[in-house]
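Chain and residue survey
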Amino acid sequence: MIVGSIELLAERCLMPGFEGVEAPAWLMQRVAGGLGSVCLYARNVESPAQLARLCATLHAANPSLVIAIDEEGGDVTRLEAATGSSYPGNLALGAVGDPGLTREVARAIGLELAHAGVDLDLAPVADVNSNPANPVIGVRSFGSDAAAVGRQTAAWVAGLQDAGVGACVKHFPGHGDTSVDSHLALPIAGDDPHGGALLPFEAGIAAGARAVMSAHIVVRELDRAPATISRSVMTALLRDELGFDGLAVSDGIEMRAISDGVGIVDGAVLALDAGCDLLCIGGGLVDEQIVVRLRDAIATAVRSGRLSEERLAQAANRVTSFASWRARQSAPQDPADREVGLRAARRAIRSEGDVRVGSAVVAIKLLAGRSIAAGAVPWGVEGPLAGRGAAVSAHELAGPPPNLDGLLAEAEGLSLVLMVRDLHRHPWQASVAEAVIARRPDTVVVEMGLPACRPAGVSAYIATMGAARVCGVAAAELMRP
């Protein structure tokens, strides 16, 4: 072992992020020196051409660099964060229930990423949404039936990887049966994942998924430590029981489920020791200091005997093995079929009653705190309705107004549309919805989240199965044929 090689191995296992649409000098220096990976976010994406230039610059400095991104489609998009996704998310695809369609959508997303030069997509979500109160999974899941989620997961993996981009099924061993967002606190899973939550991961692995992402959750049936830093989960379960030998990626180490517990530094060392190979650290920590800090902490842990050099080398080698697989994939020749996204959104949408609206519409959108996973992405039907010739007066409410008289007076004689997301998780929104419907029974309610609750008295209802831009377009087509 040459002097400094432990630091090189440690840096090979890190996946930081950065600010801006061009790589900063510090990052380029690290990439050229052998950094294992970078993770791209919406803040790094301006246009397809810019993204392709950025990826080409990074790969020119280090061809074995793994460029990763969270591009799930639906509510979680980095490529189209400014406009909303051209592809519906998992809940919509699960509602259609056609693995062939799911594979087509995933391949289209994969082609967009491949043309840009991205290597690893941190998708699909393989969690079974068994708890409707889950604040972070919801529409990101294919559904609540484990077997159906497994079929969809396998199809998504196959479609994405057919485009030459690696799939990363997440969040292992299953984040669906939780009621806490691991970005904010440490969730506790309710049941043994062998009861169903593991099935989609098994399906994804069987379909050839190149990577699996850990969940920052405690599964008491398996361990008292969060899964990311649990050998019982990341080695005994994932490696030994399920036989997965690909790349194990941690969820963001800076997320509070880890940072508020063992801390970022110990979390990184413990995650590697548990069986993770590549540590995601780029969500909120975006400077060189965190890379150096974690690299040095990992090297110190090896020299002190806390982390074995063999385990570190194994992790670094898996990163390199993934990069080698990606390098062997053929460059895509055909463009992404964006039309498949709208076709899928149309098949997924559900409506009841007379949802048609006239040429003048008052549209009320009830807002709630956005998911950290999704970020700030526009949603709604007001834009698509305007695109179909309606004169739309749009209003956003972030809390219960003192009264609705003004809005309802404005809507007198006009069509009234009420847009919500996950109405069942926001009691104030349910109260507002019921008050509006009581006075305007003809209100068209458009649920763009999980359709787990319908307001009392509603007669015109649309469930889009997600808030992707194409889901809003599909809804507007029903409302303005």
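Anything mentioned here points back to the structure above.
Residues numbered from 1 in each chain as written. Predicted model: local features only at pLDDT ≥ 70, side-chain atom pairs only at ≥ 80, totals over all residues. Heavy atoms only, no water.

**A few points about the overall build of the chain**
Across its full length, the chain holds 17 helices and 16 strands. The C-alpha radius of gyration computed for the chain amounts to 23 Å, which stays within 12% of the reference 23 Å derived for 481 residues, consistent with globular compactness. Split into buried and exposed, the 481 residues of the chain put 58% on the buried side. Of the accessible surface of the chain, which amounts to about 17500 Å², a share of 51% is contributed by carbon and sulfur atoms. Positive and negative charge centroids in the chain, built from 40 and 54 side chains respectively, lie 2 Å apart. (Helix = DSSP H or I, 4+ residues; strand = E, 2+ residues; numbered from the N terminus. Rg over C-alpha atoms; globule rule 2.2 N^0.38 Å. Buried < 20%, exposed > 50% of the residue type's maximum accessible area, 1.4 Å probe, protein only. Areas by Shrake-Rupley, 256 points an atom, 1.4 Å probe, with all protein chains shown as cover. Lys, Arg positive; Asp, Glu negative; His and termini not counted. Charge placed at Lys NZ, Arg CZ, Asp CG, Glu CD.)

**A word on the packing of helix α2 (residues 25–32) against helix α3 (residues 48–61)**
Their axes nearest at 8 Å, the elements α2 and α3 cross at an angle of 45°. The angle between α2 and α3 places the two elements in the oblique class. Contact residues: Leu27, Met28, Val31 and Ala32 in α2; Thr57, Leu58 and Ala61 in α3. Taken together, the residues that form the contact of α2 with α3 break down as six nonpolar, one polar and no charged. (Axes fitted to C-alpha atoms, helices over the stretch in contact; angles between N-to-C directions. Parallel < 35°, antiparallel > 145°, perpendicular 65-115°, else oblique. Contact = heavy atoms within 4.5 Å. Nonpolar A, V, L, I, M, F, W, Y, C, P; charged D, E, K, R; others polar.)

**Quick word on the environment of Phe142**
Topologically, Phe142 is positioned in the loop between β4 (120–121) and α6 (146–162). We classify Phe142 as buried; its relative accessible area is 5%. The spacing of Phe142 and Pro99 is 43 residues in sequence and 11 Å in space, taken between C-alpha atoms. Excluding its chain neighbours within four sequence positions, the residues that come into contact with Phe142 are Asn90, Leu91, Leu93, Gly94, Thr102, Pro124, Val125, Val149, Gln152, Thr153 and Trp156.

**Let's talk about empty space enclosed by the protein**
If you walk through the whole model with that rule in mind, you get one cavity of 30 Å³ or more. Considering only enclosed or pocket space, the largest cavity measures out at about 50 Å³ in volume. Taken together, Glu72, Gly73, Gly74, Asp75, Val76, Gly89, Asn90, Val139, Arg140, Met465 and Gly466 make up the full set of residues lining the largest cavity. Looking at the lining of the largest cavity residue by residue, the classes come out as three nonpolar, five polar and three charged. (1 Å grid on protein atoms, 1.4 Å probe; cavity = no way out; pocket = protein on both sides within 12 Å on 5 of 7 lines; lining within 4 Å. Points joined across faces, edges and corners; volume = space filled by probe spheres on them.)

**Details of the sheet that holds strand β5 (residues 166–172)**
The strand order across the open sheet formed by six strands is β2-β3-β4-β5-β7-β9, and the pairing between neighbours is parallel. Looking at the sheet topology across the chains shown, the edges are occupied by β2 (37–40) and β9 (247–249). As judged from the three bridges shared by strand β7 (residues 211–214) and β9, these two strands associate in the parallel manner. What sits directly across from Val212, in β9, is Ala248. Packing against the sheet, α3 makes contact with β2 and β3 (66–69), and its axis sits at approximately 170° to β2. (Pairing = 2+ DSSP bridges.)

**Digging into the packing of α6 against helix α7 (residues 199–206)**
Two numbers describe how α6 lies on α7: the axes approach to 8 Å, and their chain directions differ by 25°. Between α6 and α7, the interaxial angle falls into the category roughly parallel. Crossing handedness for the pair α6 and α7: right-handed. Contacts from Ala146, Ala147, Val149, Gly150, Thr153, Ala154 and Val157 in α6 reach Leu199, Pro200, Ala203 and Gly204 in α7. Counted by class, the contact of α6 with α7 contains eight nonpolar, three polar and no charged residues. (Left-handed = near helix turned anticlockwise from the far one by under 90°.)

**So, the packing of aromatic side chains**
Applying the stated rule across the entire model yields two aromatic pairs. With centroids separated by 5.3 Å and ring planes inclined at 85°, the aromatic side chains of Phe172 and Phe201 adopt a geometry described as edge-to-face. Linking Phe172 in strand β5 with Phe201 in helix α7, this pair joins segments that are 29 residues apart in sequence. Judged by its relative accessible area of 0%, Phe201 falls in the buried class. With centroids separated by 5.6 Å and ring planes inclined at 40°, the aromatic side chains of Phe322 and Trp325 adopt a geometry described as tilted. Of this pair, Phe322 and Trp325 are both found in helix α12 (residues 309–327), three residues apart, which corresponds to roughly one turn of the helix. A residue is classified by how much of its surface remains accessible, and Phe322, at 3% relative accessible area, is buried. The aromatic ring of Trp379 is capped on one face by Arg421, whose charged end is 5.0 Å from the ring centroid. (Phe/Tyr/Trp six-rings, centres within 6.5 Å; stacked < 30°, edge-to-face > 60°. Lys NZ or Arg CZ within 6 Å of the ring centre and 35° of its normal.)

**What to know about the side chain of Ser214**
Positionally, Ser214 belongs in strand β7. In this view, Ser214 contacts His171, Phe172, Thr228, Met234, Val249, Ser250, Asp251 and Cys276; residues no more than four positions away in its chain are not counted.

**Notes on the environment of Thr235**
The topology assignment puts Thr235 in helix α8 (residues 231–241). Taking relative accessible area as the criterion, Thr235 reaches 28% and is therefore assigned partly exposed. Taking the C-alpha atoms as reference points, Thr235 and Cys55, 180 residues apart in sequence, are found 32 Å from one another. Apart from the residues lying within four places of it in its own chain, the contact partners of Thr235 are Ser230, Asp240, Ala274 and Gly275. Within the structure, the side chain of Thr235 is placed 2.5 Å from the backbone oxygen of Ala274, a separation counted as a polar contact. (Polar contact = N/O pair within 3.5 Å; in protein donor to acceptor, adjacent residues only side chain to side chain.)

**A look at the state of the cysteines**
Evaluated as defined, the whole model comprises zero disulfides. Free cysteine Cys39: the closest other cysteine sulfur is in Cys280, separated by 4.7 Å. Here Cys471 is not cross-linked by a disulfide; its sulfur's nearest cysteine counterpart is in Cys453, at 20 Å. Using a relative accessible area of 1% as the deciding quantity, one classes Cys471 as buried. (Disulfide = S-S within 2.5 Å.)

**Remarks on α6**
Compared with an ideal rise of 1.5 Å per residue, which puts 17 residues at 24 Å, α6 spans 24 Å between its outermost C-alpha atoms and is within 8% of the ideal. Most of α6 sits out of view: twelve of its 17 residues are buried. Three or more residues of α6 are buried, namely Ala146, Val149, Gly150, Gln152, Thr153, Ala155, Trp156, Val157, Ala158, Gly159, Leu160 and Gln161. In the core, the buried residues of α6 are packed alongside α4 (90–96), α5 (99–116), β4, β5 and α7. Phi turns positive, to about 90°, at Gly164, one or two residues after α6. (Expected span 1.5 Å × (residues − 1).)

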